[in-house]
Amino acid sequence: MGAYDEDEHERREQQASTVDTDFDDERTIYRGEVEYDSGESAEELLDQFEQIKSN
């Protein structure tokens, strides 16, 4: 396995305990609209659901 290397252990310990704060912490703001039209009324969808359930 090899000899215990205290310097290597300390280097890895220091590296593992370091927190990277160089990333961009700003939130991205999206602007726009979302529109959804299924083409069917709620009643039609419920009727379709009941048909599927009964099969």
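Here is what the cut-offs are and how they apply
Residues numbered from 1 in each chain as written. Predicted model: local features only at pLDDT ≥ 70, side-chain atom pairs only at ≥ 80, totals over all residues. Heavy atoms only, no water. Patch = residues over 30% accessible without salt bridge, like charges linked within 9 Å, V, L, I, M, F, W, Y side chains within 5 Å. Areas by Shrake-Rupley, 256 points an atom, 1.4 Å probe, with all protein chains shown as cover. Salt bridge = Lys/Arg side-chain N within 4 Å of Asp/Glu carboxyl O. Lys, Arg positive; Asp, Glu negative; His and termini not counted. Charge placed at Lys NZ, Arg CZ, Asp CG, Glu CD. Helix = DSSP H or I, 4+ residues; strand = E, 2+ residues; numbered from the N terminus. Buried < 20%, exposed > 50% of the residue type's maximum accessible area, 1.4 Å probe, protein only.

Named according to an unreviewed UniProt entry, the protein chain is DUF5786 domain-containing protein originating from Haloterrigena alkaliphila.

**Overview of a negative patch on the surface**
Together, Asp 5, Glu 6, Asp 7 and Glu 10 line one region of the surface with negative charge. Tracing the backbone shows Asp 7 in helix α1 (residues 6-16). Relative accessible area serves as the criterion here: at 59%, Asp 7 is assigned to the exposed category.

**Focus on the pattern of salt bridges**
Where charged atoms from two side chains of opposite charge come close, those side chains can pair. A full pass over the atoms with the stated rule returns three salt bridges. Notably, a salt bridge pairs Arg 11 with Glu 8, separated by 2.7 Å at the nearest N-O pair. Here Arg 11 and its partner Glu 8 are both found in helix α1, three residues apart, which amounts to about one turn of the helix. Residue classification places Arg 11 among the partly exposed residues on the basis of a relative accessible area of 41%. The class of Glu 8 is partly exposed, set by a relative accessible area of 25%. Glu 50 is the salt-bridge partner of Lys 53, the closest N and O atoms lying 3.9 Å from each other. On the criterion of helical spacing, the pair formed by Lys 53 and Glu 50 is a turn pair, its members being three residues apart in helix α2 (residues 42-54). Judged by its relative accessible area of 54%, Lys 53 falls in the exposed class. Overall, the relative accessible area of 43% leaves Glu 50 in the partly exposed class. Within this structure, Glu 8, Arg 11 and Arg 12 form a network of salt bridges that share partners.

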